[in-house]
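# Remarks on the overall topology
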Amino acid sequence: MLKTAEEILFKYFGYKKFRTNQEEIISSILDGRNLLGVIPTGSGKSICYQIPALLSPKLTIVISPLISLMKDQVDALKVSKIPAAFINSSLSKEEYIKTVRKLRTNQLKLLYIAPEKLLNAKFVHLLKSINISMIAVDEAHCISQWGHDFRKSYLEIPRFIEQLEQNIQITAFTATATPKVKEDIINLLDMRNPKVFVGGFDRKNLFFKVVKNEDPESFLVEYLDKHRGAPGVIYASTRKEVDNLFAYLRLKRFSVGKYHAGLSDEDRHNYQNKFINGDIRIMIATNAFGMGIDKSNVRFVIHRNIPKDIESYYQEAGRSGRDGGQAECILMFYPEDISTQEFFIDVNKDLSPELKKSKLSKLDKMVAYTEIKSCLREYTLKYFGDRRIKNYCGNCSNCIGLKDVKDNTIDAQKIISCIGRAKENIGVKMLIQILLGITNEKVQRKGLDKISTFGIFKDYNKKTLEELLNYLISEGYIDQTAGSYPVLKLNEKSYDVLKENIKVLRKTNEIVSFDYYENPIFEKLNAKRNQIAKKEGIAPYVLFSDVTLMELADKKPINRWEMLKIKGIGNQKFDNYGKEFLELLILEAGKKKRNKKEKVVSNEESLFLDKIKIFKDNLGIDVELEVLSQAIKEIFMKKK
Ligand code: ADP
Ligand code: MG
Ligand code: ZN
């Protein structure tokens, strides 16, 4: 059965393998057990109930707390041609009737429902007549008053299930549940003999960092400038702070939106949508923003002020990197911000003295996070009772520095050889132009656009390249002459690098890089994705995740077979959207060939040749590709 599940995973979702958590959870669900799964954000909970749903001939109902969440999920399923729908207050009457018709005629595999809809008698009556295999409760912690997002309507779930009068399997999922909340979920949902699965809390792709003693505005401007193109969230603790930051960063010409309880519903909604669709890059917000945002390509979450406790911090920071790609969580610490949080606790009249004390002690533990010298990840996970990480994670600002060295030897060799080929007669500026493949009159006059290292760093970020070159000069791997027209010269150390007698190992304090957002091919793929998403009225990352685009830009597949090897592209998605992306990549490959002054083939021609090649390989025909394709063309022309 798990084998079939794996086939479905590939066909509909384009992933070759289940993650460890998923495999265990899905096989347990397929065994028919009730199940509670507690696994971190971004680890792929949805697939855990979607795949069993696809394997069952009956309907699966998903209860999900937020309208925006539901829409994203159903959009994502529809993109993969999985029959799914949702019912919540955002539906028009016509849409509702259409969905009900689909339900009646068994055309749906998954139905998402908002908890508020559960006790609608007519609706329950309808569902009673339909065969239901499973009810999956997403964000199940909402059922517990001890959880951080208690929702009264979740308490209606058990009555709802009872009224259906069928033998239905119950599964529940959440990212955060203390032992008390876990107990509540199992008892309140009346899950009999459940399998409880608790995965680790660790999010390996997140880099945690604490920043102190930096001027906050200049730090932000520098950071946002450095990571151009990468979407992110900046949290601040008060509305005023959000407004100020928003005004300041807008003045600095960043693409920003804002979100806090003081804005009108319309403004909030507007900014949120723009952020989700990628029309705004950076969201500046209070903690009112986030619940229900499934945007998978948030690359960084910066806290401008210290939050109230580790739970809030981990949850807010954890909104980054849901797609599994690298992401960064930065906490900016200023001692004066502690008093803001103390003030919030102090003025809250609803808190008993004990609760106040407990909140202050939680704040202390949050402050301690900024002071410890040991691993930030270990500290956080220990706080949640997870002791699997020990001492050193290698992926937080307290752990790097120890082993954070990058091997730049190959890049250095390319640079050195370029200087050699340019006869050691160029300066920094022109070298960078040659490496990036930018031509101008001077470059052409000197014939430098003809040397083999021209454009060798074509896909690189200019700033990164400049930094590396400065490093090579300052460390004596390359010499720079004095005078008003300094040129670059090679020395003994340069030749040692070329001969691999020495390596160029560089200590960096930046291990997180989002350079691919500035990669020209990524940008084109991204634009294509945005264009299709707009047309279809879905969020871009629902179509293909940023990680998928990154892999596309990196591997540059030029036929269907290569493309299906990319994570996140299955047969279904390929059939629906793959071709448009493939055409773009083929066109790019063609341009590259043209630049190299090779034979130019048109877009269609190259697709045709690819097809012939596969045909030829499959049949084992031993003829030159060109000859075969010519022969086929001729047969084709005759037929016409
Ligand atoms: P959660 O609900 O646990 O936060 P999601 O279900 O939203 O997580 O999934 C997060 C991301 O992980 C999605 O982009 C999803 O497509 C991706 N994903 C899920 N399963 C896999 C897998 N087996 N391999 C690769 N990516 C996966
Ligand atoms: Mg989820
Ligand atoms: Zn660490």
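It should be emphasised that the depicted structure is a prediction, and the values quoted were computed from it without experimental measurement.

With that out of the way, let us pick up the overall build of the protein. What the protein contains, in helices and strands, is 27 helices and 17 strands. Taking the principal axes of its C-alpha atoms as reference, the protein extends roughly 80 × 80 × 45 Å. Per-residue burial over the protein gives 50% buried out of 640 residues. Put simply, of all contacts in the protein between residues at least 6 apart along the chain, 71% involve residues at least 24 apart. A total accessible area of about 32000 Å² is found for the protein, and carbon and sulfur atoms account for 50% of it.

In the vicinity of ligand 1, 14 residues are found, and the nearest of them are Tyr 15, Gln 22, Gly 42, Lys 45 and Ser 46. Here Ser 46 contributes a side-chain N or O atom positioned 2.5 Å from an oxygen atom of ligand 1. Burial of ligand 1 by the protein amounts to 84% of the accessible area it has alone, namely 580 Å². Considering every element that reaches the shell around ligand 1, the biggest residue donor is helix α3 (residues 45–55), with three residues.

Core analysis: the biggest nonpolar cluster contains 70 residues, and Leu 111, Leu 127, Ile 135 and Phe 160 have the highest contact counts within it. The element that contributes the greatest number of residues to this core is α3, accounting for six residues. With sequence-adjacent residues up to four places away left out, Phe 160 is seen in contact with Ile 61, Ile 63, Ile 113, Leu 118, Leu 119, Val 124, Leu 127 and Ile 135. Counting residues in hydrophobic clusters, the runner-up holds 68 residues, among them Val 233, Leu 245, Ala 285 and Val 542.

In space, the seven strands of this open sheet follow the order β3-β4-β2-β5-β6-β1-β7, with parallel pairing throughout. At either margin of the open sheet sits one strand with a lone partner, and together these are β3 (84–87) and β7 (195–198). The sheet shows a mean angle of 15° between the axes of neighbouring strands, direction not considered. For strand β2 (residues 59–63) and strand β5 (residues 132–137), the ladder comprises five bridges, and the chain directions are parallel. Bridge pairing in β5 links Leu 59 to Ile 132. Packed onto the sheet, α3 meets β2, β4 (110–113), β5 and β6 (169–174) and runs at close to 135° relative to β4. Contacting β2, β3, β4 and β5, helix α6 (residues 121–128) crosses the sheet at an angle of about 160° to β4.

Another point: the pairing of strand β13 (residues 327–333). Looking along a regular strand, one sees the side chains alternate between the two faces of the sheet. Across the seven residues of β13, seven count as buried, placing the element largely inside the fold. Burial along β13 is two-sided: the face carrying Ala 327, Cys 329, Leu 331 and Phe 333 and the face carrying Glu 328, Ile 330 and Met 332 are both buried. Pairing of strand β8 (residues 206–212) with β13, which is carried by seven bridges, proceeds in the parallel orientation. Across the sheet, Leu 206 pairs through a bridge with Ala 327, a residue of β13. Where strand β12 (residues 300–303) and β13 come together, four bridges link them in parallel fashion. Note on β13: the bridge partner recorded for Ile 302 is Ile 330.

A separate point is the pattern of salt bridges. Under the definition given, this model contains 27 salt bridges. Between Asp 243 and Lys 258 there is a salt bridge, with its nearest N and O atoms 2.9 Å apart. Linking Asp 243 in helix α10 (residues 239–251) with Lys 258 in strand β10 (residues 256–259), this pair joins segments that are 15 residues apart in sequence. Overall, Asp 243 belongs to the partly exposed group, its relative accessible area being 29%. Classification of Lys 258 by relative accessible area gives buried; the value is 14%. A salt bridge links Lys 450 to Asp 449; its shortest N-O distance comes to 3.7 Å.

At this site the zinc ion (ligand 3) is bound by Cys 375 (SG), Cys 393 (SG), Cys 396 (SG) and Cys 399 (SG), with donor distances of 2.3 to 2.4 Å. One can describe the site at the zinc ion (ligand 3) as tetrahedral: its four donor atoms subtend angles covering 102 to 119° at the metal. When its relative accessible area of 0% is taken as the criterion, Cys 396 is described as buried.

In the structure shown here, the tally under the stated rule is 15 aromatic pairs. Their ring planes at 20° and their centres at 6.0 Å tell us that Phe 208 and Tyr 314 sit as a pair that is stacked. Of this pair, Phe 208 sits in strand β8 while Tyr 314 sits in helix α12 (residues 310–317); the two residues are 106 residues apart in sequence, bridging distant segments of the chain. With a relative accessible area of 3%, Phe 208 lands in the buried category. Residue Tyr 314 is classed as buried on the basis of its relative accessible area, which comes to 12%. An aromatic cluster is defined as three or more aromatic residues linked by ring pairs; in this entry it consists of Phe 219, Tyr 223 and Phe 300. Positioned above the aromatic ring of Tyr 259 is the side chain of Arg 268, whose terminal nitrogen or guanidinium carbon lies 5.8 Å from the ring centre. Positioned over the ring face of Phe 457 is Lys 414, at 5.4 Å from the centre of the ring.

This paragraph deals with the environment of Asp 184. With respect to the helices and strands, the residue Asp 184 is situated in helix α8 (residues 179–188). Sequence separation between Asp 184 and Ser 237 is 53 residues; the distance between their C-alpha atoms is 31 Å. With residues near it in sequence (within four places) discarded, Asp 184 still touches Ser 144, Gln 145, Trp 146 and Leu 189.

Procedures and definitions
- Residues numbered from 1 in each chain as written.
- Chains lettered and ligands numbered in written order.
- Predicted model: local features only at pLDDT ≥ 70, side-chain atom pairs only at ≥ 80, totals over all residues.
- Heavy atoms only, no water.
- Helix = DSSP H or I, 4+ residues; strand = E, 2+ residues; numbered from the N terminus.
- Buried < 20%, exposed > 50% of the residue type's maximum accessible area, 1.4 Å probe, protein only.
- Contact = heavy atoms within 4.5 Å.
- Areas by Shrake-Rupley, 256 points an atom, 1.4 Å probe, with all protein chains shown as cover.
- Near = heavy atom within 4 Å.
- Polar contact = N/O pair within 3.5 Å; in protein donor to acceptor, adjacent residues only side chain to side chain.
- Core = buried A, V, L, I, M, F, W, Y, C linked by side-chain atoms within 4.5 Å.
- Pairing = 2+ DSSP bridges.
- Axes fitted to C-alpha atoms, helices over the stretch in contact; angles between N-to-C directions.
- Salt bridge = Lys/Arg side-chain N within 4 Å of Asp/Glu carboxyl O.
- Donors = N, O, S within 2.8 Å, 3.2 Å for Na, K, Ca; no water.
- Tetrahedral: all angles 85-135°; square planar, octahedral: opposite > 155°, others 65-115°.
- Phe/Tyr/Trp six-rings, centres within 6.5 Å; stacked < 30°, edge-to-face > 60°.
- Lys NZ or Arg CZ within 6 Å of the ring centre and 35° of its normal.

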